[in-house]
Amino acid sequence: MTGLCRLGRSQYELVIKKIAMVNTPTKPSFDEIRPGVKRPAKETLLTPRFYTTDFEEMAKMDLAVNEDELSAIIEEMRVDYNRNHFVRDEKFDRTWDDIPTETRQTFIEFLESSCTSEFSGFLLYKELSRKLKNKNPLLAEGFSLLSRDEARHAGFLNKAMSDFGLSLDLGFLTKTHNYTFFKPKFIFYSVYLSEKIGYWRYIKIFQHLEANPEHRIYPIFHFFDNWCQDENRHGDFFDALMRSQPQLLNDFRAKLWCRFFLLAVFATMYLRDRSSKFYGILGMDSREFDIEVIQETNKTAGRVFPIVLDVDHPKFFPILDKCAADYLKLLASAESTTPKLLKKIQNLPTIASMGVKLLRLYLMKPIDMTKQAGVVR
Ligand SMILES: [Fe+2]
Ligand SMILES: [Fe+2]
């Protein structure tokens, strides 16, 4: 006689319920705009931005100084090496209910944030290709090819979300997300860095999971090697574009702006990742990962930017860690039930302390790449 048979009816039902709770996956709780369609995550300073720019100014750009290099990169993108890469294979043909609820929740957040940032690239590049079509055909074609790749990336990520019972309504996102206006030169600095940091992030995750396949919880990571080559080419396109406008790279103001965007892009990733559980799921140390990605992206940026940050300075990451601690304090405050006005007042010293630390990082002596004699740039 089994133990279950000795139980009374109500006890028996209780046991069955408990077993059912263990075996039936709990759906991660997300707000939905309609069944199966996730409400986009709340926009904050650190969530992916959507950009718009001065299309007229962009259309008038004379590319003659570096037209050959730009044409060569566009020719390479026309070949479309990844045309058949983003095809879901049999590895996706199963359910993912065995992944614990909390892990699934974190993973869905990662997919959403990645999909939103890929889609943001798609929207900007598509709009640029449309607006420049008759006025600057070479640039228009470049942007059209970039938007082709980003559409694939965003679509692939959105499809992955649907494996977890949710997806993003990209039309809804287009209409409801806020757009940040940047002059073309700021688009170049920031998008160049986003593409290159994207490249380093994807390749580092791919390499880590190749070495530790037991942490590959979902097959999308198999695709990151060729995927990151798209991002690398996109970064090269902006590299060539900036070189066609030497005034964006060779004066005092250019140096100040490059410093600003390097710090903005690095700090955004570093702070955001300190509050993410995603890397732990993959068996990675997120701080180590971010440091490596920042060091590599900084080195890469030195090929085109006149200046890079001294990220190897012994105080650089310790100061960034203190900023991250301030940021976590602000996140905790946002979750608290304290009245809004009181929260704002209580947060003022933390915001000021964070601002001072970021200023210290900005004022750290940078590395002037124009003075690096004998370095191939
Ligand atoms: Fe992409
Ligand atoms: Fe890209």
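The shown structure was predicted, so the numbers you read here are calculated from the model rather than taken from an experiment.

Among the nonpolar cores identified, the biggest contains 113 residues, and Phe 143, Ile 205, Ile 220, Phe 221, Phe 237, Phe 238 and Phe 305 are the most heavily contacted of them. Ranked by residue count, the leading element in this core is helix α7 (residues 184-211), at 15 residues. In contact with Phe 221, not counting residues within four places along its chain, are Phe 107, Phe 110, Ile 205, Phe 206, Leu 209, Arg 216, Phe 278 and Leu 282.

Turning to helix α11 (residues 286-301), a few remarks are in order. With 16 residues, α11 ought to run about 22 Å at 1.5 Å a step, and its terminal C-alpha atoms sit 22 Å apart, in line with that. Taken as a whole, α11 has its buried residues at Ser 286, Phe 289, Asp 290, Ile 291, Val 293, Ile 294, Thr 297, Asn 298, Thr 300 and Ala 301. Where α11 is buried, its residues touch α7, α9 (252-274), α10 (278-281), β5 (307-308) and α12 (316-335). Two or three places before Arg 287, at the opening of α11, Asp 285 has a side-chain oxygen 3.0 Å from that residue's backbone nitrogen.

Our focus in this paragraph is the coordination of the iron ion (ligand 1). Listed as protein donors to the iron ion (ligand 1) are Glu 118 (OE), Glu 150 (OE), His 153 (ND1) and Glu 231 (OE); their distances from the metal cover 1.9 to 2.2 Å. Taken together, the 4 donor atoms coordinating the iron ion (ligand 1) span angles of 84 to 152 degrees at the metal, a pattern that classifies the geometry as irregular. Expressed as a motif, the donor residue spacing for the iron ion (ligand 1) is E-x31-E-x2-H-x77-E. Between the iron ion (ligand 1) and the iron ion (ligand 2) the interatomic distance comes to 3.4 Å, and Glu 150 is a ligand of both metals. Of the two residues, Glu 150 is situated in helix α5 (residues 137-162) and Glu 231 in helix α8 (residues 224-243); the sequence distance between them amounts to 81 residues. On the basis of relative accessibility, which here comes to 3%, the residue Glu 150 falls in the buried class.

Our focus in this paragraph is the packing of α9 against α12. The contact between α9 and α12 brings their axes to 9 Å, and the two run at 55 degrees. Between α9 and α12, the crossing angle belongs to the class labelled oblique. When you trace α9 past α12, the crossing you get is right-handed. Here Ala 267, Tyr 270, Leu 271, Arg 272 and Arg 274 of α9 lie close against α12, whose contacting residues are Phe 317, Leu 320, Asp 321, Cys 323, Ala 324, Tyr 327 and Leu 328. Per-class residue counts for the contact of α9 with α12 are 9 nonpolar, no polar and 3 charged.

Summing up the model confidence of the protein chain, the mean pLDDT is 90 and the portion of residues at 70 or higher is 91%. Confidence drops under pLDDT 50 across residues 1-7; counting only partners more than four residues distant or on other chains, this segment forms 5 contacts. Across residues 15-24, where pLDDT falls below 50, the model places 2 contacts with residues more than four positions away in sequence or in other chains.

The subject of this paragraph is the coordination of the iron ion (ligand 2). Around the iron ion (ligand 2), the protein contributes the donor atoms Glu 150 (OE), Glu 195 (OE), Glu 195 (OE), Glu 231 (OE) and His 234 (ND1), which lie 2.0 to 2.6 Å from the metal centre. All donors of the iron ion (ligand 2) come from a single chain, and their spacing in sequence reads E-x44-E-x35-E-x2-H.

It is worth spelling out the pattern of salt bridges at this point. Note that side chains of opposite charge can pair when their charged atoms are close. Counted by the stated rule, this structure contains 30 salt bridges. Residue Lys 371 is joined to Asp 368 by a salt bridge in which the shortest nitrogen-to-oxygen separation is 3.7 Å. Residue Asp 368 is classed as buried on the basis of its relative accessible area of 16%. Each of Asp 80, Arg 148, Asp 149 and Arg 152 takes part in salt bridges that share partners, so that together they form one network.

Here is what the cut-offs are and how they apply
Residue numbering note: each chain is counted from 1, following its sequence as written. Chain labels run from A onward and ligand labels from 1 onward, assigned in the order the entries are written. Restriction of local features to residues with pLDDT of at least 70 applies here, the model being predicted, together with a cutoff of 80 or more for giving and counting side-chain atom pairs; totals for whole chains, interfaces and linings are based on all residues. Note: side-chain values were computed over all heavy atoms of the structure, leaving out hydrogens and water. Only buried residues count toward a nonpolar core, which is a set of Ala, Val, Leu, Ile, Met, Phe, Trp, Tyr and Cys residues joined through side-chain atoms within 4.5 Å. Relative accessible area decides the class of each residue, using a 1.4 Å probe on protein chains only: under 20% of the type maximum gives buried, over 50% gives exposed, and in between gives partly exposed. In this description a helix means any DSSP run of H or I spanning at least four residues, a strand means any run of E spanning at least two, and both kinds are numbered starting from the N terminus. By definition, residues are in contact when any of their heavy atoms lie within 4.5 Å. Multiplying one less than the number of residues by 1.5 Å gives the expected span of a helix. Throughout this description, a polar contact denotes any pair of N or O atoms lying within 3.5 Å of each other; where both atoms belong to protein, one of them has to be capable of donating a hydrogen while the other can accept it, and for residues adjacent in sequence the pair is counted only when both atoms sit in side chains. Metal donors were taken as nitrogen, oxygen and sulfur atoms no farther than 2.8 Å from the ion, or 3.2 Å where the ion is Na, K or Ca. Water is excluded, so coordination may look unfinished. Every geometry call rests on angle ranges, with four donors termed tetrahedral when all angles are between 85 and 135 degrees, four termed square planar and six termed octahedral when opposite donors are over 155 degrees apart and all others are between 65 and 115, and everything else termed irregular. Angles here are taken between N-to-C directions and fall from 0 to 180 degrees, while the axes themselves are lines fitted to C-alpha atoms, restricted in helices to the stretch in contact. Our angle categories are set so that under 35 degrees counts as roughly parallel, over 145 as roughly antiparallel, 65 to 115 as roughly perpendicular, and the remainder as oblique. Here a crossing is called left-handed whenever its near helix is offset anticlockwise from the far helix by less than a right angle, and right-handed whenever the offset is clockwise. Under the scheme applied here, ten amino acids are nonpolar (Ala, Val, Leu, Ile, Met, Phe, Trp, Tyr, Cys and Pro), four are charged (Asp, Glu, Lys and Arg), and all others, including Gly, are polar. Confidence per residue, as judged by the predictor, is encoded in pLDDT with a range of 0 to 100. Within this document, salt bridges are pairs made up of a side-chain nitrogen of Lys or Arg and a carboxyl oxygen of Asp or Glu, the two lying within 4 Å of each other.

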